[in-house]
Amino acid sequence: MSTTSLEDIKDVAAEAGVIASEPEQPVVAEPKIDDQGRAYATGKRKTAVARVWIKPGSGKIIVNKKDHTEYFGRAVLQMIIKQPLVAAERNNQYDVVCTVKGSGPSGQAGAVRHGISKALTYYEPTLRAVLKKGGFLTRDSRVVERKKYGRAKARRSFQFSKR
């Protein structure tokens, strides 16, 4: 009867690739920053698409070459686009420049928020957990249902009359 030690079993298992010989180090994400010191991301919501660049600065947010307070007139929309910066406690530390097109004001604000969140994670990968917990990195995939033929709208029928 042959005796095999625990060390022999571990060696054979490591050679077969069943167990790792050394514990692996956790993968640390690298920041994705371009030559000009900016991080770029694309945000989407409904049919709006926002292209967002962030860089360290005083906290200015420029949307389609206008200040965000001018472009998004309603206070609710201004609050929506600032949510990721407030959640990450980086309120006045980054300048944001973005272009957005498609959809309406609400969809555009959601797209800018999504883009800012993604760009923050590219600039500072350590913020990913905070932004993910707040739900800012998830793309809201709800879009308007298409109109069907023989119907007034997507599901609404024409008014019924017996006559």
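Refer to the preceding data block for the structure.
Criteria and thresholds
Residues numbered from 1 in each chain as written. Predicted model: local features only at pLDDT ≥ 70, side-chain atom pairs only at ≥ 80, totals over all residues. Heavy atoms only, no water. Salt bridge = Lys/Arg side-chain N within 4 Å of Asp/Glu carboxyl O. Helix = DSSP H or I, 4+ residues; strand = E, 2+ residues; numbered from the N terminus. Buried < 20%, exposed > 50% of the residue type's maximum accessible area, 1.4 Å probe, protein only. Expected span 1.5 Å × (residues − 1). Bend = angle between axes of the 7 residues up to and from the residue. Contact = heavy atoms within 4.5 Å. Pairing = 2+ DSSP bridges. Axes fitted to C-alpha atoms, helices over the stretch in contact; angles between N-to-C directions. Phe/Tyr/Trp six-rings, centres within 6.5 Å; stacked < 30°, edge-to-face > 60°. Core = buried A, V, L, I, M, F, W, Y, C linked by side-chain atoms within 4.5 Å. Parallel < 35°, antiparallel > 145°, perpendicular 65-115°, else oblique. Left-handed = near helix turned anticlockwise from the far one by under 90°. Nonpolar A, V, L, I, M, F, W, Y, C, P; charged D, E, K, R; others polar.

Undergrad: Give me the pattern of salt bridges: which residues, what numbers.
TA: Tallied over the entire structure, the rule returns six salt bridges. Between Glu-124 and Arg-90 there is a salt bridge, with the nearest N and O atoms lying 2.8 Å from each other. In this pair, Glu-124 is assigned in the loop between α4 (105–123) and α5 (128–134) and Arg-90 in the loop between α3 (75–87) and β5 (94–101), connecting sequence segments 34 residues apart. As far as the burial class goes, Glu-124 and Arg-90 line up, both buried. Between Glu-145 and Lys-148 there is a salt bridge, with the nearest N and O atoms lying 2.8 Å from each other.

Undergrad: Go over α3 with me, naming the residues and quoting the values.
TA: The end-to-end C-alpha distance of α3, which contains 13 residues, comes to 18 Å, matching closely the 18 Å that a straight helix rising 1.5 Å per residue would cover. The largest bend along α3 reaches roughly 40° and is located at Ile-81, with the proline Pro-84 sitting one to four residues downstream. Looking only at α3, the buried set comprises Leu-77, Gln-78, Ile-80, Ile-81, Pro-84 and Leu-85. Lining the buried residues of α3 we find β3 (61–63), α2 (68–71), β5, α4 and α5. Looking at the residues trailing α3, positive phi occurs at Glu-89, about 55°.

Undergrad: For the sheet that holds strand β1 (residues 39–45), give the residues involved together with the corresponding values.
TA: Two pairing modes exist for strands in a sheet, parallel and antiparallel, and in both the strands are linked by backbone hydrogen bonds. Ordered by their spatial adjacency, five strands build an open sheet running β1-β2-β5-β3-β4, and the pairing between neighbours is mixed. Each edge of the open sheet carries a strand with a single partner, namely β1 and β4 (66–67). Contacts from α4 reach β1, β2 (48–56) and β5 within the one sheet, and its direction differs from that of β1 by about 150°.

Undergrad: How would you explain unusual backbone geometry if you had to name every residue and give the values?
TA: Non-glycine residue Asn-64 carries a positive phi angle of around 50°. With respect to the helices, strands and loops of the structure, Asn-64 is situated in the loop between β3 and β4. For Glu-89, which is not glycine, the phi dihedral falls at a positive 55°.

Undergrad: Hey, could you go over the packing of aromatic side chains for me, with residue numbers and the actual values?
TA: Scanning all chains against the criterion turns up three aromatic pairs. On the numbers, 5.1 Å between centres and 45° between planes, the contact of Tyr-40 with Trp-53 is tilted. On the criterion of sequence distance, the pair formed by Tyr-40 in strand β1 and Trp-53 in strand β2 is long-range, its members being 13 residues apart. Aromatic side chains Tyr-71 and Phe-72 sit 5.0 Å apart centroid to centroid with 85° between the ring planes, which places their arrangement in the edge-to-face category.

Undergrad: An account of the nonpolar core is requested, with residue identities and associated values reported.
TA: In summary, soluble globular proteins display a tendency toward joint burial of nonpolar side chains. Counting residues in hydrophobic clusters, the biggest one holds 29 residues, and the most contacted among them are Val-52, Ile-54, Val-112 and Leu-120. Considering each element in turn, this core owes the most residues, seven residues, to α4. Sequence-distant contacts of Val-52, defined by excluding residues within four places in its chain, comprise Ala-39, Tyr-40, Ala-41, Val-96, Val-97, Cys-98, Val-112, Gly-115, Ile-116 and Ala-119.

Undergrad: So, the packing of α3 against α4: which residues are in play, and what are the values?
TA: For the pair α3 and α4, the least separation of the axes is 8 Å and the interaxial angle reads 10°. It follows from the interaxial angle that α3 and α4 lie roughly parallel. Handedness of the crossing formed by α3 with α4: right-handed. Here Leu-77, Ile-80, Ile-81, Gln-83, Pro-84 and Leu-85 of α3 lie close against α4, whose contacting residues are Pro-105, Ser-106, Ala-109, Gly-110, Val-112, Arg-113, Ile-116, Ser-117 and Leu-120. Classifying every residue of the contact of α3 with α4 by side-chain character gives 10 nonpolar, four polar and one charged.

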